[in-house]
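Okay, here's what each chain looks like letter by letter:
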Amino acid sequence: MKQNNSKINPPLWLLAEITYRCPLSCVFCYNPVDYAKQHSELTTSEWIKVLREGRKMGAAQLGLSGGEPLLRNDLEEIVSEAHKLGYYINLITSGIGMTEKRIKALKKAGLDHIQLSFQDSTKEMNDFLSSTKTFDLKKRVANLIKKYDYPMVLNCVLHRLNIDHIEEILKMAESMGAEFVELANTQFYSWGMLNRDQLLPTEKQLKNAEKITHKFRDRLGNKMKLFFIMPDYYSVRPKKCMNGWGNVFVTVQADGTVLPCHVASMLPGIEFESVKNKSLNWIWYESPGFNKFRGDDWMKEPCRSCPEKENDLGGCRCQAFMLTGDANEADPVCDKSPYHHKINEAVIASQKPKNFEKPIVFRTDKDSREIMHKRDKGQLELKTSRLLEKHSKPSKNKSRVGVV
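Notes on the structure in this doc start here.

What counts, and where the lines are drawn
- Residues numbered from 1 in each chain as written.
- Predicted model: local features only at pLDDT ≥ 70, side-chain atom pairs only at ≥ 80, totals over all residues.
- Heavy atoms only, no water.
- Helix = DSSP H or I, 4+ residues; strand = E, 2+ residues; numbered from the N terminus.
- 1 Å grid on protein atoms, 1.4 Å probe; cavity = no way out; pocket = protein on both sides within 12 Å on 5 of 7 lines; lining within 4 Å.
- Points joined across faces, edges and corners; volume = space filled by probe spheres on them.
- Nonpolar A, V, L, I, M, F, W, Y, C, P; charged D, E, K, R; others polar.
- Buried < 20%, exposed > 50% of the residue type's maximum accessible area, 1.4 Å probe, protein only.
- Arc of directions from axis to C-beta.
- Contact = heavy atoms within 4.5 Å.
- Pairing = 2+ DSSP bridges.
- Right-handed = clockwise from strand over helix to strand, strands pointing away.
- Phe/Tyr/Trp six-rings, centres within 6.5 Å; stacked < 30°, edge-to-face > 60°.
- Lys NZ or Arg CZ within 6 Å of the ring centre and 35° of its normal.

### Digging into unusual backbone geometry
Step number 1: A cis amide bond, omega 15°, links Gly66 with the succeeding residue Gly67.
Step number 2: With respect to the helices and strands, the residue Gly67 is situated in the loop between strand E2 (61-65) and helix H2 (75-85).
Step number 3: In the Ramachandran plot, Asp149 falls in the positive-phi region, its phi being about 60° despite a non-glycine side chain.
Step number 4: Tracing the backbone through its elements, the reader meets Asp149 in the loop between helix H5 (135-147) and strand E5 (152-158).

### Concerning the environment of Ile8
Step number 1: Along the chain, Ile8 falls in the segment before strand E1 (13-17).
Step number 2: Residues Ile8 and Asn126 lie 118 residues apart in sequence; the distance between their C-alpha atoms is 42 Å.

### Considering empty space enclosed by the protein
Step number 1: This model, assessed by the stated rule, comprises 3 cavities of 30 Å³ or more.
Step number 2: Lining the largest cavity are 13 residues, and of these Cys303, Cys306, Asp312, Gly314 and Cys334 lie nearest its centre.
Step number 3: Split into classes, the residues belonging to the lining of the largest cavity amount to 6 nonpolar, 1 polar and 6 charged.
Step number 4: Here the second largest cavity is characterised by a volume of approximately 50 Å³.
Step number 5: Lining the second largest cavity are Pro32, Asp34, Ser190, His262, Val263, Ser265, Met266, Leu387, Leu388 and Glu389.
Step number 6: Its residues placed into classes, the lining of the second largest cavity shows 5 nonpolar, 3 polar and 2 charged.

### Regarding helix H14 (residues 340-350)
Step number 1: When H14 is considered as a whole, its buried residues turn out to be His340, Ile343, Ala346, Val347 and Ser350. Along the axis of H14, the buried residues cluster in a sector spanning 120°; they form a single face.
Step number 2: Against helix H8 (196-199), helix H13 (317-324) and helix H15 (353-356) lie the buried residues of H14.

### With respect to the pairing of strand E3 (residues 88-93)
Step number 1: Two strands pair when backbone bridges link them, and E2 and E3 are joined in this way by 4 bridges, in the parallel orientation. Residue Leu62 lies in a different strand from E3, and its bridge partner there is Ile89.
Step number 2: In this region the chain leaves E2, passes through H2 and returns to the parallel neighbour E3; the handedness of that crossover is right-handed.
Step number 3: Here 4 bridges tie E3 to strand E4 (residues 113-118), and the two strands are oriented parallel to one another. Across the sheet, the residue bridging to Ile92 is Gln115, located in E4.
Step number 4: Of the crossover connections in this fold, the one passing from E3 over helix H3 (residues 100-109) to the parallel E4 is right-handed.

### Some remarks on the packing of aromatic side chains
How two aromatic rings sit relative to each other is set out by the distance from centre to centre and by the angle between their planes.
Step number 1: Considering all chains together, one arrives at 9 aromatic pairs under this definition.
Step number 2: For the pair Phe128 and Phe362, a centre-to-centre distance of 5.7 Å together with 90° between the ring planes defines the contact as edge-to-face. With a gap of 234 residues between them, Phe128 in helix H4 (residues 123-130) and Phe362 in the loop between H15 and helix H16 (365-376) connect regions that are remote in the sequence.
Step number 3: Ring centres of Trp284 and Phe290 lie 5.5 Å apart, and the angle between their planes is 50°; on these two criteria the pair is classed as tilted.
Step number 4: Assessed through its relative accessible area of 1%, Trp284 is described here as buried.
Step number 5: On the basis of relative accessible area, Phe290 is assigned to the buried category, the value being 1%.
Step number 6: Taken together, the ring pairs connect Trp245, Phe272, Phe293 and Trp298 into an aromatic cluster.
Step number 7: Its guanidinium or amino end placed over the ring of Phe118, Lys138 lies 5.8 Å from that ring's centre, counting from NZ or CZ.
Step number 8: The lysine or arginine in question, Arg294, covers the ring of Trp284, its NZ or CZ lying 5.0 Å from the ring centre.

Dropping the structure here:
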């Protein structure tokens, strides 16, 4: 059935995940668990085509992420074309691969904004959580960002292992001259979900972190703006995920698959189209995948008759699927959901030493392939199998991700 396009807003934010290659192995990474599947990254000309189509549709904000986008040798060319098209361009990076030569070239190409990630305020924990020795390098990149007059924007993902260091993290950010700091509590998707028991903080940890953040916010005011993003598992109402399915944000994966959010590819029974086969315009307005959860016709009770449904649109479809097996259910974060007990059970389970002391799974090509092999052999737990695409195929061992 043909959609009424007049009721569909154009996309405003385009997230281009230009590669899944990454030198880090972060334990909370939001990249798909099966990112090391067989796929070919879009070429330079294909990415430029995506940017032109997105801008024509009305997209104004461009996020360049990965993996690590600096591993693309054509990043400067992509940035230059995006600048000519009129995008506000944000590079989301670990800093690995940033040199003075590259930051100078990116500045010339028209890059507007760099968001630099840190894992912790200490070298030991930063390097452990990413399974790399990168802390000192990140500090050098932070200095380059200031030197080339970019806004200093730091991101630190919080969880059980580093949330008690929040005062030191904020002191580090202040000493670096950060203007914006995003303290993003781990959202439990993808690799974060694999490590949920080990990463979910206690309520006491969370309240203490909020208290310290408020203290810094009161002292610094607008000198350093702090954004503290709450974890879903200590809420009773879900977030309005992505501000609504297919409403504002569009994600293009490294292989050209287009998604309404960066983890939706795991949802069963939905075929998401690729820019290699269809135009971005058609995918946004006409494709069944993008129209699947628009509006409220898809809703079950209690969402359908809920007076608050416009506030959150039922919450996150991916979280609903991960925790209930049905993407049409209310997000279990909501205490009106018949599955809300699964959130409470997860919090209780994460406080037991036998669970939080389990080995952490690092985001590596090897582990991504091994998880796919286990799925194919029927060796995965149901909750883990839900994190993968049904038909993803592991790439060859030691092959470069993104090249078939």
